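# Descriptive structure summary
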Amino acid sequence: MNKTFPPPGYISTESLVTGIEVYKPAPVKIEDERETVEFKCPQCGATTAYSVVDGGLTCTHCGYYDAPQKPVVGKQAGEMEFTPQALAQASLGWGEERKELECQSCGARTLVPSESLAHTCVFCGSNKVIQRMASQDNLRPRFLIPFKVAMEKCQGITRQWLGSSWMTPASLKQVAGLNAFAAVYLPFWTFDSTTDANWRAEVGHQETESYYDAGDKEWKTRTVTVWRWESGKVQLKIDDLLVGGTAKLSTILLDKIKSFNLNELVDYDPKYLAGFHARAYDLPLEKAWEIARQQMREATRNACREQASTSQIRSFSMNLDFSDETWRYVLLPTYVAAYRYEEKIFQVIINGQTGEITGQRPVDWAKVWLAIAALLAPGLLLGLIGLVTLPLGGLGVIIGGIGFVLLVAGIVIAIIIGVQANRMGEA
Amino acid sequence: MMMADGGNTSSTVNELSNLWGETVDLMVCESCDWRYVLPQGVLPQRCPNCFNGDLKLLTPGPEIQTVCSRPPESYLPFSVSMERVLQNIQEFASGPWFAPADLNPATLRQRLKRVYWPMWLVDCNVRAAWEAEAGYDYEVVSHQDRYSDSQAGWTSQEIKETRVRWEPRAGRLERSYTNIPAPALEGHRQLVNRVRRFQLEQAQPYSQDALRQAFVRVPDRSVEDAWPDAAPAVQDAAADECRKAANAEHIRQFQWTPDYQNLNWTLLLLPVFTTYYLDDDQKPQQILIHGQNGYLSGVKRASMKRAQKTALYIAIAAMVVFVLSLLVSGIGLVIPPLLAVGGIGIVAAVLLGAGAIMPLAIAWQVNRSAKD
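Just so it is clear, the structure is predicted and the values come from calculations on it, not from any experiment.

So, about the overall build of chain A. Looking only at helices and strands, chain A features seven helices and 19 strands. Out of the 427 residues belonging to chain A, those deemed buried represent 43%. Sequence-distant contacts, at least 24 apart, represent 71% of the contacts inside chain A between residues at least 6 apart. Carbon and sulfur atoms make up 55% of the accessible area of chain A, which amounts to about 22200 Å² in all.

The next thing to look at is the overall build of chain B. The secondary structure content of chain B amounts to 10 helices and 11 strands. Here chain B holds 372 residues, and the buried ones make up 46% of them. Considering only intrachain contacts with a sequence separation of at least 6, the fraction spanning at least 24 residues in chain B is 75%.

Our next topic: the sheet that holds strand S6 (residues 65-66) of chain A. Pairing between the strands of a sheet comes from backbone hydrogen bonds, and it takes one of two forms, parallel or antiparallel. Residue and element names in this part refer to chain A. Overall, antiparallel pairing links the three strands, which are arranged S4-S5-S6 in an open sheet. Looking at which strands have only one partner, the edges of the open sheet turn out to be strand S4 (49-51) and S6. In the sheet, S4 pairs with strand S5 (residues 56-58) via three bridges, with the strands oriented antiparallel. Directly across from serine 51, in S5, lies its bridge partner glycine 56.

Another aspect to go through is a nonpolar patch on the surface. Residues and elements named next belong to chain B. On the surface, Leu312, Tyr313, Ile316, Val320, Phe322, Val323, Leu324, Leu326 and Leu327 cluster together to form a nonpolar patch covering roughly 860 Å² of accessible area. Looking at the secondary structure, you find isoleucine 316 in helix H8 (residues 304-332). Exposure remark for isoleucine 316: the relative accessible area of 45% places this residue in the partly exposed category.

Turning our eyes to something else, we now look at the interface of chain B and chain A. Contacts between the two partners involve 37 residues from chain B, matched on the other side by 39 residues from chain A. Summed over both sides, the interface between chain B and chain A buries roughly 3300 Å², with carbon and sulfur atoms accounting for 51% of that surface. At the boundary of chain B with chain A, the tally comes to four salt bridges. The salt bridge involving B:Asp145 is made with A:Arg297; its shortest N-O contact spans 2.6 Å. Breaking the side of chain B that touches chain A down by element, the ones donating at least two residues are strand S5 (113-148), strand S6 (153-183), helix H7 (223-245) and strand S9 (250-278) of chain B. Looking at which element gives the most residues to the side of chain B that touches chain A, the answer is S5(B), with 14 residues. Considering only residue class, the side of chain B that touches chain A consists of 14 nonpolar, nine polar and 14 charged.

Following the criterion strictly, the structure yields 33 aromatic pairs over all chains and no others. Summarising the aromatic geometry, the rings of B:Tyr147 and B:Trp154 are spaced 5.1 Å apart at their centres and angled 55° between planes, so their arrangement reads as tilted. Members of the aromatic cluster, joined through ring pairs, are B:Trp120, B:Trp130, B:Trp227, B:Phe254, B:Trp256, B:Tyr260 and B:Trp265. The side chain of A:Arg222 reaches across the aromatic face of A:Tyr211, ending 4.2 Å from its centre. The ring of B:Trp34 is capped by B:Arg217, whose NZ or CZ atom sits 4.3 Å from the centre of that ring.

This next bit is on helix H2 (residues 152-162) of chain A. Residues and elements named next belong to chain A. Every buried residue of H2 is listed here: Cys154, Thr158, Trp161 and Leu162. Here the buried residues of H2 occupy an arc of 95° about the axis, which is enough to place them on one side. Facing away from the buried side of H2 by more than 90 degrees, the exposed set consists of Glu152, Lys153 and Gln160. Looking at the buried side of H2, the elements it contacts are strand S17 (313-341), strand S18 (344-351) and strand S19 (357-359).

By the secondary structure assignment, A:Tyr23 is in strand S2 (residues 20-25). Given a relative accessible area of 13%, A:Tyr23 falls into the buried group.

On to the environment of A:Ala197, then. Residue and element names in this part refer to chain A. In this fold, alanine 197 is placed in strand S13 (residues 182-213). On the basis of relative accessible area, alanine 197 is assigned to the buried category, the value being 3%. Dropping the residues within four chain positions of it, alanine 197 is found in contact with Gly232, Lys233, Val234, Thr300, Cys304, Met318, Asn319 and Leu320.

Residue and element names in this part refer to chain B. Put simply, H8 and helix H9 (residues 337-355) touch, their axes get as near as 8 Å, and they point 165° apart. Considering the angle they form, H8 stands roughly antiparallel to H9. Read as a crossing pair, H8 and H9 show a hand that is left-handed. From H8, Ile314, Ala317, Ala318, Val321, Phe322, Ser325, Leu326, Val328, Ser329, Ile331 and Gly332 reach across to H9, where they touch Leu338, Leu339, Val341, Gly342, Gly343, Gly345, Ile346, Ala349, Leu352, Gly353 and Gly355. In the contact of H8 with H9, the residues fall into 14 nonpolar, eight polar and no charged.

Turning next to the pairing of S17(A). Of all 29 residues in S17(A), 21 are buried; the element is thus mostly enclosed. Sheet topology note: the strand S7 (residues 80-81) of chain A/S17(A) ladder contains two bridges and is antiparallel. Note on S17(A): the bridge partner recorded for A:Glu81 is A:Thr326. Note that strand S12 (residues 143-144) of chain A and S17(A) share two bridges and pair parallel. From the neighbouring strand, A:Phe143 faces S17(A), where its bridge partner is A:Val330. As defined by bridge partners, S13(A) adjoins S17(A) across 20 bridges and the pair is classed as antiparallel. By the bridge assignment, A:Leu186 is partnered in S17(A) with A:Leu332. Bridge count between S17(A) and S5(B): five bridges; the pairing is antiparallel. Pairing of A:Asn319 across the sheet is with B:Arg146, part of S5(B).

Count 3.6 residues to each turn of an α-helix, and residues three or four apart come out pointing the same way. All names here are of chain B. Inspection of helix H5 (residues 188-195) places His188, Leu191, Val192 and Val195 among the buried residues, and these make up the whole buried set. Seen from one end, H5 has its buried residues packed into an arc of 95°, which puts them on one side. Pointing more than 90 degrees away from the buried face of H5 are the exposed residues Arg189, Gln190 and Asn193. Lining the buried residues of H5 we find S5, S6, S9 and strand S10 (284-290). Two residues or fewer past H5, arginine 196 is found with a positive phi of approximately 80°.

Calculation notes
- Residues numbered from 1 in each chain as written.
- Chains lettered and ligands numbered in written order.
- Predicted model: local features only at pLDDT ≥ 70, side-chain atom pairs only at ≥ 80, totals over all residues.
- Heavy atoms only, no water.
- Helix = DSSP H or I, 4+ residues; strand = E, 2+ residues; numbered from the N terminus.
- Buried < 20%, exposed > 50% of the residue type's maximum accessible area, 1.4 Å probe, protein only.
- Contact = heavy atoms within 4.5 Å.
- Areas by Shrake-Rupley, 256 points an atom, 1.4 Å probe, with all protein chains shown as cover.
- Pairing = 2+ DSSP bridges.
- Patch = residues over 30% accessible without salt bridge, like charges linked within 9 Å, V, L, I, M, F, W, Y side chains within 5 Å.
- Salt bridge = Lys/Arg side-chain N within 4 Å of Asp/Glu carboxyl O.
- Buried area = accessible area lost by both parts, 1.4 Å probe.
- Nonpolar A, V, L, I, M, F, W, Y, C, P; charged D, E, K, R; others polar.
- Phe/Tyr/Trp six-rings, centres within 6.5 Å; stacked < 30°, edge-to-face > 60°.
- Lys NZ or Arg CZ within 6 Å of the ring centre and 35° of its normal.
- Arc of directions from axis to C-beta.
- Axes fitted to C-alpha atoms, helices over the stretch in contact; angles between N-to-C directions.
- Parallel < 35°, antiparallel > 145°, perpendicular 65-115°, else oblique.
- Left-handed = near helix turned anticlockwise from the far one by under 90°.

In structure tokens:
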């Protein structure tokens, strides 16, 4: 027991029994409760912004540097549970409301979207971070991963990526407009859960059996499928499943750059957001959890099916229990850009931590069809030659057979190329 | 050192009589050393605990003075009806197989005695600083899903689960706790385990009538010895009050630094019926009956002598059948149909002879189970 009374950091609280005093730990004060934080250099008054290179708040005029004091918490970052109160609060939509901000530097009034967490004044360039929105205290982002990839590298990464596929037009590397990257902290939800499943199914086993063919008057063998009931249990622990918190960007593209290393999560500090765009979530927690649950149950279902002794399964059923469900609301760094090619707009997103890039690219369908034709041609040709030389006996059969195999292989590869080409333009 | 004595006229006994509101004698059983307070002049009786020895007058020494100087403040009356007690005795005496002759309802009823077991109750004031973790229930939303190929996909059910959130709390208390129980007998726990819990909330103020109706067992633990049993109960009561004060549903890891004041010890009397039956060795087998709810606790023993007698009768019967069957078989040599009858008779005799072991086996098994 503590020798001092009350213990340090404790405050008095209501007691429901006469003669008994009760003390509890004082609530942790949120260090900076200002609704909006503005970033001005204390030395020269110029606007400061977070520098990816220096890893802190810098002033480009006088060189002032201020490192964020927040520790790396990584995957130990605190998680929240799905209480009815949290779900109700998280379902309060952002709607289409816009928030009016008065710039403390120049007095200009600007309307910003309600889901914007950071804003740069278009008149004087001062950077602001919006920390609080009405009653959303429980749903302020508490953790983020700072930018690790500098903006200057984005153009190089993108040009390399644009030229990395033979299916893209040759002139794509020289396309203009690739220097207009926006550094954006995007909202993400992370989910943890344990799934416990009991499954049952009929599993088919191939067995050889003998039977008497009355017609041929002899014993023969044949392969039959014997169906047997099997059951099992599976438990999966799913850790930090990421679901994008915004519906304003393509989920297909967001899924492709989700390989963030959450071990680098840090406690939220407005200094990290200075000079960047940042968006609050517009996909509510409940909907995001539904998406995550869908992924978790499919993963569990696949694990159950893998437990079966063969892959021939029918009448499959399973009961699945979720437990220890927790969530986090985090901000993750991305660079977003759009470029124009032949009157069409294409999106590019770069993971601001790892530099991983994804996006839409135009497809040179002429090249693709040529390639497909080149793949199918040998098979078709040999097949035709085989048909023609069939009267010559074995040689025709061999040539025709080789042609058939090449044709089938060519069709398979052509389908793969076609699917890949289609996906390149998806968003 | 306590000694059974022919005389008991010390002034100390008079003091005790005044405290107990009745002229009393202190009696001791020379066999099991159980000590009782009885109204003066009660004829020498058999000990209602072991039923082996007679009660003799006891000269009270300093130890007994200490415990007897706290007369009972309250007692639990014998609230179970006699019908219920007799019914339970009837049920008990209706088995086992080969019960001793002495194990019968009439004998058990006749030997029924009322005894009061003592229990200490302590009141105290406590001042303490305390620390604990208070648990608050909260709900979370979870899901149970079901998938079936035949029902084309997933169905989901939302459920609510209750979890506990633990938070540290500390404080001070200044409270009074009353009637905290502590054993006044060395073997209290074993005795209560046999007859089960008493409803202490049914306690009534002590009256001399209780003394007149029953043997009152004298405590053999001083209050100093009993305090280590009472202190945890006081702590539990304090922990529960601190939980309520913190408006929590649970509490754990309760620690405190208590300062006890104004300890006041009193005695509570717990009602028990005792009776007994004699086994084959003429050894009394004690039976206890809870004085509030009639719960009966006793060991049923079988009589090996009765079992042996029964086995002998069966064996004799088997011999007779065997001899007769032999005769019939002999006649059957002349009249063939009788041969079959004789054969059947011989088989029956053998089976009957084997069955003679059964009474012995049953009695042995009953007594073995009673030991376990």
